[in-house]
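Residues per chain are reported as follows:
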Amino acid sequence: MAPKTAEQIADDFAKAHKGAAKKMVFSKGAAEVERQMRDAGFTDSSIKAVLDNYKSGDLPTASYFPLSDGVVFYEYSTDNGLKSSLWHENAHRAISMI
């Protein structure tokens, strides 16, 4: 049997974890991401962490915030890049739930 592709693994994960991160925000700058996060119900500490990332200039591709049960995507260039980041962050969520 051939090894599974990353897409098959992501599909399997999606089927097995229907409660993937509840909130997703696609950042378009500090002010906009803060507004989106507040609208989505992220905690103040999650919002502070994202704004601190902007201040430092060291932006990750995405971050999962367990207390908010949400993901912030800072930047992505392709659908595949976005999907990869989404499943990476949801894997963090699954591990923290275990």
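See the structure above.
Residues numbered from 1 in each chain as written. Predicted model: local features only at pLDDT ≥ 70, side-chain atom pairs only at ≥ 80, totals over all residues. Heavy atoms only, no water.

Trainee: An account of the pattern of salt bridges is needed here, citing residue identities and associated values.
Mentor: Under the definition given, this model contains 5 salt bridges. The shortest N-O distance in the salt bridge between Asp-39 and Arg-35 comes to 2.7 Å. Of this pair, Asp-39 and Arg-35 both sit in helix 2 (residues 30-40), 4 residues apart, which is roughly one turn of the helix. For Lys-48, the salt bridge is made with Asp-52, and the minimal N-O distance between the two is 2.7 Å. One end of the pair is Lys-48 and the other is Asp-52, both in helix 3 (residues 44-56) and 4 residues apart, which spans about a single turn. Connected via shared salt-bridge partners are Glu-32, Arg-35 and Asp-39. (Salt bridge = Lys/Arg side-chain N within 4 Å of Asp/Glu carboxyl O. Helix = DSSP H or I, 4+ residues; strand = E, 2+ residues; numbered from the N terminus.)

Trainee: Could you give me a rundown of the pairing of strand 3 (residues 70-73), with the residues and numbers involved?
Mentor: What you see with strand 3 is no split at all: Gly-70 and Val-72 on one side and Val-71 and Phe-73 on the other are buried throughout. With 4 bridges joining them, strand 1 (residues 23-26) and strand 3 adopt parallel strand pairing. Within the sheet, the bridge partner assigned to Met-24 lies in strand 3 and is Val-71. Where strand 2 (residues 62-65) hands over to strand 3, the hairpin turn is made up of 4 residues, of which Asp-69 adopts a positive phi near 50 degrees. (Buried < 20%, exposed > 50% of the residue type's maximum accessible area, 1.4 Å probe, protein only. Pairing = 2+ DSSP bridges.)

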